[in-house]
Structures are given as structure tokens and as C-alpha cells.
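Fold and contact review
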Amino acid sequence: MENNSIDINVNLSIETLQSGNLTKTKIAEPGKFTQMGKSIYLRFNESLENGANASILVKVGGDGEIHIKRVAKSTNLSSLLYFTHQKHNNGQLETEYGVLPLDTFTKDSKVEIVSKPLSGKINIDYDLIYDNNVIGNYKFRLIFGV
């Protein structure tokens, strides 16, 4: 298979509202953009404490569904979440103690990609749900470019 990955720069900001507390996270890292068929993939790392990192994969399917997989080996945490505009989806959080089912409700999602020069935006506003209870409201804003 031909490697059609393109080096990109990724800027990600996440706003989390949990139990009345607002947290803002910003990530700026180099990454890779790959297109396979009608799907695109963005891969990059998130720097963690103690020099460790988490690998992040964002997939945008041809149908507009977005998958986000985050694996942090140093903390034994892995999550896989799915987002479909105005729909509920099932996902999961894997810990050293087992798999925790997490659901999402995507309130809003938007993907914009420009091919020349390669750049794009992925915005997702969603609720994270455990056991039919909303445990957090999230705003995911990813901007990338060559």
C-alpha cells in the first residue's frame, strides 16, 4: 500500500464542563494527514506529564461520522468515541480495571477540509454520557494545516 500521509500541524482546544467546573485544554503538535477512499485520518500525539504521550487518531468517514481514539499507555487508559451529528453513539473507555461503556450525544458537528493548501477544521459539541447520566459537556475544536 502506498503511503500517502502528509505532514501537518495540529491545534486542538477542548472545553470541558463537568460539575460546574470549566476546564480548557490546548494541544499544538505535528501530525499526519492520510486519506484512504472517502475517509480521512489525522494522527498526532498529546504530550503528557513525565515525558509520556498519548496517541490520538481522528477519523472522518465518508458519511460524516467522526471517530476519536486516544491511547495513553503510561496511564493504561484508552478511549474510543463516535460522533454523528444530532445522534447518540456508543463508545468506551478502557482502563486497567476493565471497559467502561460511554455514550455520546453529538449536539453539533462540522468538518471543513480544503485541499490546496491542505487545511481543515473539525468542530464537535457533545455530551458525554455514562449510565444514562450526562457527566460532561464538551467543545472539541481541531484545526490543522500543512
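Anything mentioned here points back to the structure above.
Basis of the calculations
Residues numbered from 1 in each chain as written. Predicted model: local features only at pLDDT ≥ 70, side-chain atom pairs only at ≥ 80, totals over all residues. Heavy atoms only, no water. Core = buried A, V, L, I, M, F, W, Y, C linked by side-chain atoms within 4.5 Å. Buried < 20%, exposed > 50% of the residue type's maximum accessible area, 1.4 Å probe, protein only. Helix = DSSP H or I, 4+ residues; strand = E, 2+ residues; numbered from the N terminus. Contact = heavy atoms within 4.5 Å. Salt bridge = Lys/Arg side-chain N within 4 Å of Asp/Glu carboxyl O.

1. Observations concerning the nonpolar core
Across soluble globular proteins, nonpolar side chains have a tendency to be buried as a group. Val58, Ile122, Phe140 and Leu142 are the most contacted members of the largest nonpolar core, which totals 26 residues. The set of elements that each furnish at least two residues to this core consists of β1 (6–18), β2 (21–36), β3 (39–47), β4 (53–60), β5 (66–72), β6 (77–83), β9 (119–130) and β10 (133–145). If we skip the residues at most four places from it in the chain, valine 58 touches Ile40, Tyr41, Leu42, Phe44, Ile66, His67, Ile68, Ile122, Phe140 and Leu142.

2. Focus: the pattern of salt bridges
According to the stated counting rule, one finds 7 salt bridges in the structure shown. Between aspartate 127 and lysine 107 there is a salt bridge, and its shortest N-O distance comes to 3.0 Å. Highlighted residues: aspartate 127 in strand β9 and lysine 107 in strand β8 (residues 98–114), separated in sequence by 20 residues. Here lysine 110 and glutamate 112 are joined by a salt bridge, their closest N and O atoms 3.2 Å apart. Exposure remark for lysine 110: the relative accessible area of 49% places this residue in the partly exposed category. Linked by salt bridges that have partners in common, Asp125, Lys139 and Arg141 make up one network.

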